[in-house]
Structures are given as C-alpha cells and as structure tokens.
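The chain contents come next:
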Amino acid sequence: MIVCVAVVGHQNNPLYIQSFTEAEDALKLHHIVHCSLDVIDERVNNPSKSGTTLNEAFLGLLYPALNYKVYGYLTNTKVKFIMVTTDLDVRDTDVRSFFRKFHAAYVDAVSNPFHVPGKKITSRTFSESVTNIVTSYSFN
C-alpha cells in the first residue's frame, strides 16, 4: 500500500506532499521523504557508486526504512518524485509504471497557465488525480 507521495523541487523545496494514512503518521512520513533527498543527491552526484545511469529517470529503491520502502524518480528538470510504501515485495516494473503516471499528472498540473513554477502545487485536480493513481496501485 502506498502511504505517501511527494514532489520536491530542484532546490529541495517541497512542492506537494500527500500522505494516505492517519494524521499521526504524517510527520514521520514527511521525515522519511526529507531523508530520502540525501540519498537522491548522493545517487545523482556519484553515479558510479549507485550503478544507475544519469539518463534514467527511475532511481529505484532509495532505502528501506523500518516498515517502509522508499522509491525515487528524477525528472530532466531535477524535480524529484518520492513514493513511500508499506509493501515489502514490490516489482520495479509496477513502480516505474506508477511514476510514469505520476509524472504525467505532474506535467498536466504545471502546464496550467495559472501555476507559478517553483511554488507549491495546490490544484484540486492534481490531488484527485494523484489519489486515483495511488488507489489504482496496490502492489499486492
């Protein structure tokens, strides 16, 4: 089950964070998302150590936390997508597919002429779209 998704700008500013659990877990999930930014920066700045190529957007499993697994995706404009899931046996193809749909929803949201680049995404349509994408992926 996906418990949190986030969009983080190229300067590591949070553009969108949505958790799909109880309110008391939200702060812990925000912390996990924030910690994953260090892992993404390490992989981008040291590609030889991580084994991923720079032309690939999918960063794969960033790190496993206690009860969570954190996956990452990096766009060409250095916008980061982060997904936190409680499922321990997730196929990379499913996660890649999720990130492709999530990226498409993001592109639709920022293509809105009233959206200011670099500011938080407040679009209700984007939130509904993300919720629909998350509920369609149950990784079981």
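Above: the structure in question.
What you see is a predicted model, and the numbers here were worked out from it, not measured in a lab.

Points about the layout of surface pockets
One number sums up the size of the largest pocket: a volume of about 260 Å³. The wall of the largest pocket is formed by 16 residues, among which L15, V79, Y106, P117 and G118 lie closest to the centre. Residue contributions to the lining of the largest pocket peak at four residues, all from helix α3 (residues 92-110). The residue inventory of the lining of the largest pocket, partitioned by class, reads six nonpolar, 10 polar and no charged.

Regarding the sheet that holds strand β1 (residues 2-8)
The five strands lie next to each other as β2-β1-β5-β4-β3, forming an open sheet whose pairing is antiparallel. In this open sheet, the two strands that pair with only one neighbour each are β2 (14-19) and β3 (58-64). Neighbour to neighbour, the strand axes of the sheet diverge by 15° on average, direction disregarded. Here five bridges tie β3 to strand β4 (residues 69-74), and the two strands are oriented antiparallel to one another. Residue pairing across strands places L61 opposite Y71, the latter belonging to β4. In the packing of helix α1 (residues 23-45) onto the sheet, the strands contacted are β1, β2, β3, β4 and β5 (80-85), and the crossing angle to β3 comes to about 125°.

Points about the pattern of salt bridges
Taken as a whole and judged by the stated rule, the model has one salt bridge. Linking R91 and D94 is a salt bridge whose minimum nitrogen-to-oxygen distance equals 3.2 Å. Assessed through its relative accessible area of 56%, R91 is described here as exposed.

Some words on the packing of aromatic side chains
This structure, assessed with the given rule, holds 10 aromatic pairs. Here the aromatic rings of Y16 and F126 are separated by 4.8 Å at their centres, their planes lie at 75°, and the arrangement is edge-to-face. A residue pair is termed long-range when its members are at least 10 positions apart, and Y16 in strand β2 and F126 in helix α4 (residues 124-136) qualify at 110 residues. One exposure class covers both Y16 and F126, and it is buried. Between F81 and Y106, the aromatic rings sit 5.3 Å apart at their centres with planes inclined by 70°, giving edge-to-face as the arrangement. Taken together, the positions of F81 in strand β5 and Y106 in helix α3 put the pair 25 residues apart, joining distant regions of the chain. Exposure remark for Y106: the relative accessible area of 10% places this residue in the buried category. Here the aromatic residues Y16, F58, Y73, F81, F98, F99, F102, Y106, F126 and Y137 are joined through ring pairs into a cluster of three or more.

A word on α3
With 19 residues, α3 extends 26 Å from end C-alpha to end C-alpha; this agrees with the ideal 27 Å at 1.5 Å per step. Within α3, the full set of buried residues consists of V95, F98, F99, F102, A105, Y106 and A109. Down the axis of α3, the smallest arc covering the buried residues is 125°, so these residues share one side. When the buried face of α3 is taken as reference, the exposed residues oriented beyond 90 degrees from it are T93, R100 and D108.

Definitions and limits used
Residues numbered from 1 in each chain as written. Predicted model: local features only at pLDDT ≥ 70, side-chain atom pairs only at ≥ 80, totals over all residues. Heavy atoms only, no water. 1 Å grid on protein atoms, 1.4 Å probe; cavity = no way out; pocket = protein on both sides within 12 Å on 5 of 7 lines; lining within 4 Å. Points joined across faces, edges and corners; volume = space filled by probe spheres on them. Helix = DSSP H or I, 4+ residues; strand = E, 2+ residues; numbered from the N terminus. Nonpolar A, V, L, I, M, F, W, Y, C, P; charged D, E, K, R; others polar. Pairing = 2+ DSSP bridges. Axes fitted to C-alpha atoms, helices over the stretch in contact; angles between N-to-C directions. Contact = heavy atoms within 4.5 Å. Salt bridge = Lys/Arg side-chain N within 4 Å of Asp/Glu carboxyl O. Buried < 20%, exposed > 50% of the residue type's maximum accessible area, 1.4 Å probe, protein only. Phe/Tyr/Trp six-rings, centres within 6.5 Å; stacked < 30°, edge-to-face > 60°. Expected span 1.5 Å × (residues − 1). Arc of directions from axis to C-beta.

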